[in-house]
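Observations on the three-dimensional arrangement
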Amino acid sequence: MPQRPHDRSGASADAPSSGSSRRRAALSGAPAKVHAHTSEDGVVEVRRSPRRRRTVTAYREHGRTVVLIPAAFSPAEERRWVDQMVAKLRRQEERRRRSLGGDEQLLERAATLSAAHLGGGPLPVSVRWVDNQNRRWGSCTPADGTIRLSRRLQGMPEYVVDYVLVHELAHLVEPGHGPAFWELVGRYPLAERALGFLEGVELGAARPGGAQLPD
């Protein structure tokens, strides 16, 4: 399946005009500069762009945090805005975690997705968050109808969580990964987009034994 451009889920804000942000005329033709900044979330990739005037944008990309700022920002402005935007990202992700709810809400979500995309046939006995799946996003045991989702999915866009749920629901019908299985998964309209998102996260991790796609 061809990989789509990585999905970004982030935040933007406009910085107030300042003396430093007006010092940009000589930079208009310069390329963006990239360097690392340390924040509470760890290392952040900061990209300075001469084409930006006031807008600051932050997002997660390939498992890392990226902040885009105007090239004319002073070091003090950079530190302040990076910390502010990383905190804003964290708040957004926490809201997503709360919206996904606990195991009971996951079971209800799975039933809704099954009815919407799989004809309501596959219904799990239980769906729960687990902390011990560091190499998989989700898993399913068709024999007892149980589905488990890695807690690492919390904070990701909801359509990605829904894709993993549909993937595991399809295993209740087709235990293997043959054509019939992928036909079921493909009924979820955002399957390719979500798969590209997860592939990007795994690519960004870039470590031996990194996370695997749903099994």
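This section reports on the structure supplied with the text. All values reported here derive from a predicted model rather than from experimental measurement.

1. Some details on the nonpolar core
Counting 31 residues, the largest nonpolar core has Leu-149, Leu-153, Met-156, Val-160, Tyr-163, Leu-165 and Leu-198 as the members making the most contacts within it. For this core, the secondary structure elements donating two or more residues are helix H2 (103–117), strand S6 (126–130), strand S8 (146–150), helix H3 (158–171), helix H4 (179–185) and helix H5 (191–205). Looking at this core element by element, the count peaks at 9 residues for H3. Among the nonpolar cores identified, the runner-up in size contains 12 residues, and Val-46, Val-56, Ile-69 and Met-85 belong to it.

2. Overview of the sheet that holds S8
If you trace the 3 strands from one edge of the open sheet to the other, you get S6-S8-S7, paired in mixed fashion. The open sheet has two edge strands, S6 and strand S7 (138–141), and neither has a second partner. On average, each strand axis in the sheet is inclined to that of its neighbour by 20 degrees, with strand direction left out of account. As judged from the 4 bridges shared by S7 and S8, these two strands associate in the antiparallel manner. Bridge pairing links Ser-139 to Arg-148 in S8. On the sheet, H2 packs against S6 and S8 and is oriented at approximately 130 degrees with respect to S6. Against the sheet, H3 touches S6, S7 and S8, its axis set at about 150 degrees to S8.

Cut-offs used in this document
- Sequence positions are assigned chain by chain, starting from 1 and proceeding in written order.
- Only residues with pLDDT of 70 or above have their local features reported here, since the model is predicted, and side-chain atom pairs are shown and tallied only from 80 upward, although totals for entire chains, interfaces and linings are computed over all residues.
- Note that the side-chain values use all heavy atoms of the structure and ignore hydrogens as well as water.
- Put simply, a nonpolar core is a bunch of buried Ala, Val, Leu, Ile, Met, Phe, Trp, Tyr and Cys residues held in one set by side-chain atoms that sit within 4.5 Å of each other.
- Each residue is placed in one exposure class: buried if its accessible area under a 1.4 Å probe, protein chains only, is under 20% of its type's maximum, exposed if it is over 50%, and partly exposed if it falls in between.
- The numbering of helices and of strands both runs from the N terminus, where a helix is a DSSP run of H or I of at least 4 residues and a strand a run of E of at least 2.
- The pairing criterion is simple: DSSP has to find at least two bridges between the two strands.
- Geometry is summarised by axes, namely lines fitted to C-alpha atoms with helices restricted to the contacting stretch, and by angles between N-to-C directions that run from 0 to 180 degrees.
- The contact criterion used throughout is that any non-hydrogen atoms of two residues lie within 4.5 Å.

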